[in-house]
Amino acid sequence: MRYWLSFFFVLIVASLAVVGIAGFQGSKSRKPPIEIFPDMDRQPKLRPQAPNAFFTDGKSSRPLLVGTVARGSHYQDTPFNTGRLPSSTNFVAEMPVGLTAKLLARGKERYQISCVPCHGALADGNGITKKYGMAVVANLHDKRIVSMTDGEIFNTITSGKNLMGGYGANVTVEDRWAIIGYLRTLQLARLGLVNDVPAELRAGLK
Ligand code: HEC
């Protein structure tokens, strides 16, 4: 019993001490508040539109970079961006970028990074993931996919299809077209006939 009494006594004294020093919550005072956990009350930062000497133009807000697109806003409805004819759901038949050796080299590099793990270097669906149990990776030499429009393949890379996830977040728009260009050369190479090889090079075929 005694212990309880002294416990309550200590508790009351302690509470009074805290209220005496710190005051009631919300009570007004001219003195700065006691801060036990300042959290992030004060931090070095630049307020929008405020002047700042750090940049040569004296502004804290930086101008937007060329080509900046606001989150959630619609980007331009062009075949290059969507793989579809403008204001239509029809896929474009052919890629809207000019095929150059540079684009193909870029496409090869990007294909080998983003697609080879599943589709394999030859695009025949024999990537490393098959060994780990991903059984239904598409063979990109299937007649259906060879005759598919460039726009539809662009859409598959962007958003995925059935079991394949989309790679729009990882592969830039330009790189998607580059990959398609390279994929077409892989497909064409497989469909090639001896007669497609220049006569003077045929002797070197194995
Ligand atoms: C993580 C594995 C994976 C990666 C990486 C991957 N794919 Fe696929 N892809 C698949 C699978 C699985 C399918 C079969 C999907 C189905 O039909 O269920 C497929 C199907 C496809 C198809 C056929 C779609 C159709 O209409 O049937 C195309 C074209 C294709 N992929 C292109 C690509 C390209 C180009 C890349 C690289 C940018 C890529 N894929 C990267 C797994 C992958």
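In the block above lies the structure referred to throughout.
Remember, it's a predicted structure, so these values are computed and weren't measured experimentally.

Caption draft 1: Representation of the coordination of the iron atom of the ligand within the structure. Each protein donor to the iron atom of the ligand is listed here as H119 (NE2) and M164 (SD); together their distances run 2.0 to 2.1 Å. Because the angles between the six donor atoms bound to the iron atom of the ligand fall within 87 to 179°, the donor set is best described as octahedral. Placement of H119 in helix α4 (residues 116–119) and of M164 in strand β2 (residues 164–165) is noted, with a sequence separation of 45 residues between them. According to the relative accessible area criterion, H119 is buried, its value standing at 10%.

Caption draft 2: Summary view of the pattern of salt bridges. Tallying each qualifying case throughout the model produces seven salt bridges. A salt bridge links D175 to R106; the shortest N-O distance between them is 2.8 Å. Of this pair, D175 sits in helix α8 (residues 173–191) while R106 sits in helix α3 (residues 101–114), and the two are 69 residues apart along the sequence. The partly exposed category is assigned to R106, whose relative accessible area is 34%. Measuring nitrogen to oxygen at the nearest pair gives 2.7 Å for the salt bridge that ties D150 to R184. Separated by 34 residues along the polypeptide, D150 in helix α7 (residues 150–159) and R184 in helix α8 bring together distant segments of the chain. By relative accessible area, D150 is classed as buried at 6%. In this structure, a network of salt bridges that share partners links the residues R106, E109, R110 and D175.

Caption draft 3: The environment of G107, seen in detail. On the secondary structure map, G107 appears in helix α3. As a C-alpha pair, G107 and I12 span 95 residues in sequence and 76 Å in three-dimensional space. When neighbours within four sequence positions are excluded, G107 is seen to be in contact with A178, I179 and Y182.

Definitions and cut-offs
Residues numbered from 1 in each chain as written. Predicted model: local features only at pLDDT ≥ 70, side-chain atom pairs only at ≥ 80, totals over all residues. Heavy atoms only, no water. Donors = N, O, S within 2.8 Å, 3.2 Å for Na, K, Ca; no water. Tetrahedral: all angles 85-135°; square planar, octahedral: opposite > 155°, others 65-115°. Helix = DSSP H or I, 4+ residues; strand = E, 2+ residues; numbered from the N terminus. Buried < 20%, exposed > 50% of the residue type's maximum accessible area, 1.4 Å probe, protein only. Salt bridge = Lys/Arg side-chain N within 4 Å of Asp/Glu carboxyl O. Contact = heavy atoms within 4.5 Å.

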